[in-house]
Amino acid sequence: MKATETSAKMITEDIIAKEFKRIVSEYYPKVGELLDGCHVKVITCFWGRPPRRLQYIGIYCSEEMLPHIREQQKILRDIADNMGLVQVVCMNAKRLIRDPKSTLKDTDPRLWLELQMVAT
């Protein structure tokens, strides 16, 4: 895969994540306010034989925000489903950045820094 293909893929994922946040904020303002304190990312994976490309929403938030986000997960999943995404997954940002086996700092330093901000 060439560098231009990688950057185009990342731009597309960023646009989808921003559109997801915009739709949530427009139709569910209270839930949109919760997402303002989180990092929303579109994650792409390949599954099955032959491999199918699946995209889902990853919401990285602080430990305090996690229960509030999970209360609204049905709304978030409905919106993701309408956008053609398969799932919404909520993750504790602090746990991820403090995991000693995580290679996130080396593989995606920008995301690692953003998660640092979310976790505090």
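Just so you know, these numbers come straight off a predicted model, no measurement behind them. (Residues numbered from 1 in each chain as written. Predicted model: local features only at pLDDT ≥ 70, side-chain atom pairs only at ≥ 80, totals over all residues. Heavy atoms only, no water.)

### Points about the overall build of the chain
- Counting its secondary structure elements, the chain contains seven helices and three strands.
- Order of helices (α) and strands (β) in the chain, N terminus to C terminus: α-α-β-β-α-α-β-α-α-α.
- Overall, the chain is about 40 × 35 × 25 Å in size when its C-alpha atoms are taken along their principal axes.
- When the 120 residues of the chain are sorted by exposure, 35% land in the buried category.
- Sequence-distant contacts in the chain: of pairs separated by 6 or more residues, those separated by 24 or more amount to 54%.
- Summing over all exposed atoms, the chain offers an accessible surface of approximately 8,300 Å²; the carbon and sulfur share of this is 54%. (Helix = DSSP H or I, 4+ residues; strand = E, 2+ residues; numbered from the N terminus. Buried < 20%, exposed > 50% of the residue type's maximum accessible area, 1.4 Å probe, protein only. Contact = heavy atoms within 4.5 Å. Areas by Shrake-Rupley, 256 points an atom, 1.4 Å probe, with all protein chains shown as cover.)

### Thoughts on the pattern of salt bridges
- Here the structure, examined in full by the defined rule, presents five salt bridges.
- One salt bridge in this structure joins K41 and D108, with 3.6 Å as the shortest N-O distance. Of the two residues, K41 sits in strand β1 (residues 39-47) while D108 sits in the loop between α6 (104-107) and α7 (109-119), which places them 67 residues apart along the sequence.
- Its relative accessible area of 23% is what places K41 among the partly exposed residues.
- Across the pair K74 and D78 runs a salt bridge, and its minimum N-O distance is 3.3 Å. (Salt bridge = Lys/Arg side-chain N within 4 Å of Asp/Glu carboxyl O.)

### A closer look at the environment of H68
- Residue placement: H68 occurs in helix α3 (residues 66-71).
- H68 sits in the partly exposed class, given a relative accessible area of 39%.
- Considered as a pair, H68 and G37 are 31 residues apart in the sequence and their alpha carbons are 11 Å apart.

### Examining the nonpolar core
- The biggest cluster of nonpolar side chains holds 21 residues, and the ones touching the most others in it are F20, L35, I57, I59, I69 and L76.
- Elements represented by at least two residues in this core include exactly α1 (3-27), α2 (29-36), β1, β2 (52-61), α3, α4 (73-82) and β3 (88-92).
- Sort the elements by how many residues they give to this core and α1 lands first, with four residues.
- Apart from residues no more than four positions distant in its own chain, I57 is found in contact with F20, V40, K41, V42, L85, Q87, V88 and V89.
- Counting 10 residues, the second largest nonpolar core, distinct from the first, contains Y60, I97, L111 and L115. (Core = buried A, V, L, I, M, F, W, Y, C linked by side-chain atoms within 4.5 Å.)

### Brief notes about α4
- Residues Q73, L76, I79 and A80 constitute the buried set of α4. Buried residues in α4, looked at end-on, bunch into an arc of 125°, giving them a common side. Turned more than 90 degrees away from the buried face of α4 sit K74, D81 and N82, all of them exposed.
- Immediately beyond the C-terminal end of α4, within one or two residues, lies G84, with a positive phi of roughly 90°. (Arc of directions from axis to C-beta.)

### Let's talk about the confidence of the model for the chain
- On average, residues of the chain score 86 in pLDDT, and 91% of them reach the 70 mark or higher.
- Here α1 stands out as the least confident element of the chain, with mean pLDDT 78; α4 is the most confident, with 94. (pLDDT = per-residue confidence, 0-100.)

### Section: the environment of I69
- Topologically, I69 is positioned in helix α3.
- Along the primary structure I69 and I59 are separated by 10 residues, whereas in three dimensions their C-alpha atoms are 8.7 Å apart.
- In contact with I69, other than residues within four places in its own chain, are L34, L35, C38, I59, C61, L76 and C90.

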